[in-house]
Amino acid sequence: IGIIALGIVSYKNASTALINNYKSSSYQTISMMQQYIDLIINSQKNGFKPYFVDSTLTKYINNLMDDVDIVNTRSDYNSDLMKAITLNDKIQSVYILMDDGMTLSATSDNIPSDAYTAYAETTQGQKVAADSVNWLVFGQDEESDEVLGLDTKAYSLRIVKKFPDS
């Protein structure tokens, strides 16, 4: 009888130890994954910060160019954005959303001509429009993707920042 009782106690101790090790290992894995995601997000944000102080892009966004400069600037920035996603396998797409058909894009997606207004009216877009200081990170969002004509299954995270009002 004593051997059976000792076996039950040992099984319970071993089971508890295994569960605790599993919990600890899972927590470490999740923590490491979060650190990796944070690193990716920060590196992507750093790669796009120069756009926010670019005087040519600021003129384009504020519609302070003549028609020839608009066409040339659109072509130049669309090419720059295309290079960014070609050279960086972590980026699926890049858009600088604007109205009046002025959106800049790294892809040939059919973004609506009122992309900024359409996005700003979504729940996600309202959060972004209200905050021109911080980068915001979102998961997949069907509402935003629907108004922009994008595939929700084509990405896992969306990193967004509003250009400062000028």
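Everything in this summary refers to the structure shown in the same document. Nothing here was measured: the structure is a model prediction, and the numbers come from that model.

Here is what the cut-offs are and how they apply
Residues numbered from 1 in each chain as written. Predicted model: local features only at pLDDT ≥ 70, side-chain atom pairs only at ≥ 80, totals over all residues. Heavy atoms only, no water. Helix = DSSP H or I, 4+ residues; strand = E, 2+ residues; numbered from the N terminus. Expected span 1.5 Å × (residues − 1). Polar contact = N/O pair within 3.5 Å; in protein donor to acceptor, adjacent residues only side chain to side chain. Phe/Tyr/Trp six-rings, centres within 6.5 Å; stacked < 30°, edge-to-face > 60°. Buried < 20%, exposed > 50% of the residue type's maximum accessible area, 1.4 Å probe, protein only. Lys NZ or Arg CZ within 6 Å of the ring centre and 35° of its normal.

Some words on helix α3 (residues 67–87)
For α3, built from 21 residues, the straight-helix expectation of 30 Å at 1.5 Å per residue is met to within 8% by its first-to-last C-alpha distance of 30 Å. Of the residues flanking the start of α3, the one acting as N-cap is aspartate 66, its side-chain oxygen 3.2 Å from the backbone nitrogen of valine 68.

Some details on the packing of aromatic side chains
For any pair of aromatic rings, the description consists of the separation of the ring centres together with the inter-plane angle of the planes. A complete count under the given rule lists four aromatic pairs for this structure. Where phenylalanine 48 meets tyrosine 51, the ring centres are 5.6 Å apart and the plane angle is 20°; that geometry is what we call stacked. With a relative accessible area of 13%, tyrosine 51 lands in the buried category. When the ring of phenylalanine 52 is compared with that of tryptophan 135, the centres are 5.5 Å apart and the planes differ by 80°; the resulting orientation is edge-to-face. Of this pair, phenylalanine 52 sits in the loop between α1 (2–48) and α2 (55–61) while tryptophan 135 sits in the loop between α5 (123–129) and β3 (136–138); the two residues are 83 residues apart in sequence, bridging distant segments of the chain. For phenylalanine 52, a relative accessible area of 18% translates into the label buried. One aromatic cluster in this structure is built from Phe48, Tyr51 and Tyr77. Lying across the ring of phenylalanine 52, lysine 161 places its NZ or CZ 5.1 Å from the centre.

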